[in-house]
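Commentary on secondary and tertiary structure
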Amino acid sequence: TEKTKAGLVCCWKQDEGLLYCGGDSKYIRAFDARAEMLAATVHVPLEEGREARSATSLCTHPSSPKLLFAGFSDGAVRLFDIRTSSSYGNVSTNGTRGSERPRNKLASYIVNVSCHAASSFSTRELVVAACIDGTVMFWDVRHSRGAVRTVRVQNSPMRAFAAHSCAPLLASGSDNQFVKFMT
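To keep things clear, this report deals only with the structure shown in the data block. (Residues numbered from 1 in each chain as written. Predicted model: local features only at pLDDT ≥ 70, side-chain atom pairs only at ≥ 80, totals over all residues. Heavy atoms only, no water.)

1. Remarks on the side chain of Thr60
Note on placement: Thr60 falls in strand E5 (residues 55–60). Residue class for Thr60 comes out buried when judged on its relative accessible area of 7%. Reaching out from Thr60, the side chain makes a polar contact with the side chain of Lys13 at a distance of 3.3 Å. When neighbours within four sequence positions are excluded, Thr60 is seen to be in contact with Cys11, Lys13, Tyr20, Pro65, Leu67, Leu68, Phe69 and Cys115. (Helix = DSSP H or I, 4+ residues; strand = E, 2+ residues; numbered from the N terminus. Buried < 20%, exposed > 50% of the residue type's maximum accessible area, 1.4 Å probe, protein only. Polar contact = N/O pair within 3.5 Å; in protein donor to acceptor, adjacent residues only side chain to side chain. Contact = heavy atoms within 4.5 Å.)

The structure is reproduced here in structure tokens:
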């Protein structure tokens, strides 16, 4: 799998006036746009082997914008609660608690992570994460038993991925400029 730098990744929450920023840094920061100041700093845990890990995608929980999901360059998906007083706000890793070994971790670089509230299409609150190798995993936010579904959506490297916020619709893009829609 490929190792690439994330650069800067952001997630904007209009209703709360919060801008989350991460990327090739050991921190994810939340900025309060209304107060024009830093609201929180979350320390990003190191990868195995003590290398710095890059946050490659950020999103918040639909009904609780202080819960931040982050996808990383090593395939991990982590949940942070920015309300915690500790600089280590990590509360979950791919369906585990605390220091447990991650289950159902994706193989490499996370292209996109998104969180979806329960709707008429699904009774579950889902986190959807897409990996550069073409794998997409779905986790139920309310349970820590691991992925509820894993799908291989393409064989070539995935460069872009999006999940519709209300409808059961996914889209992926590859190196060869091929776009695929899935329902």
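Read on, since the account is not over.
2. Comments concerning a nonpolar patch on the surface
Taken together, the side chains of Leu169, Val179 and Phe181 present a nonpolar region at the surface, about 300 Å² in accessible area. Locating Phe181 in the fold gives a position in strand E15 (residues 179–182). The exposed category is assigned to Phe181, whose relative accessible area is 61%. (Patch = residues over 30% accessible without salt bridge, like charges linked within 9 Å, V, L, I, M, F, W, Y side chains within 5 Å. Areas by Shrake-Rupley, 256 points an atom, 1.4 Å probe, with all protein chains shown as cover. Salt bridge = Lys/Arg side-chain N within 4 Å of Asp/Glu carboxyl O.)

3. Some words on the nonpolar core
Within the largest apolar cluster, 17 residues are counted, with the highest numbers of intra-cluster contacts made by Tyr20, Ile28, Leu58 and Phe72. Secondary structure elements with two or more residues in this core: strand E1 (8–13), strand E2 (18–23), strand E3 (27–32), strand E4 (37–43), E5 and strand E6 (67–72). Residue contributions to this core peak at 3 residues, all from E6. Non-local contacts of Ile28, meaning those with residues more than four positions away in its chain, are made with Cys21, Gly22, Ala40, Thr41, Val42, Val44, Ala55, Leu58, Leu68, Ala70, Phe72 and Phe80. (Core = buried A, V, L, I, M, F, W, Y, C linked by side-chain atoms within 4.5 Å.)

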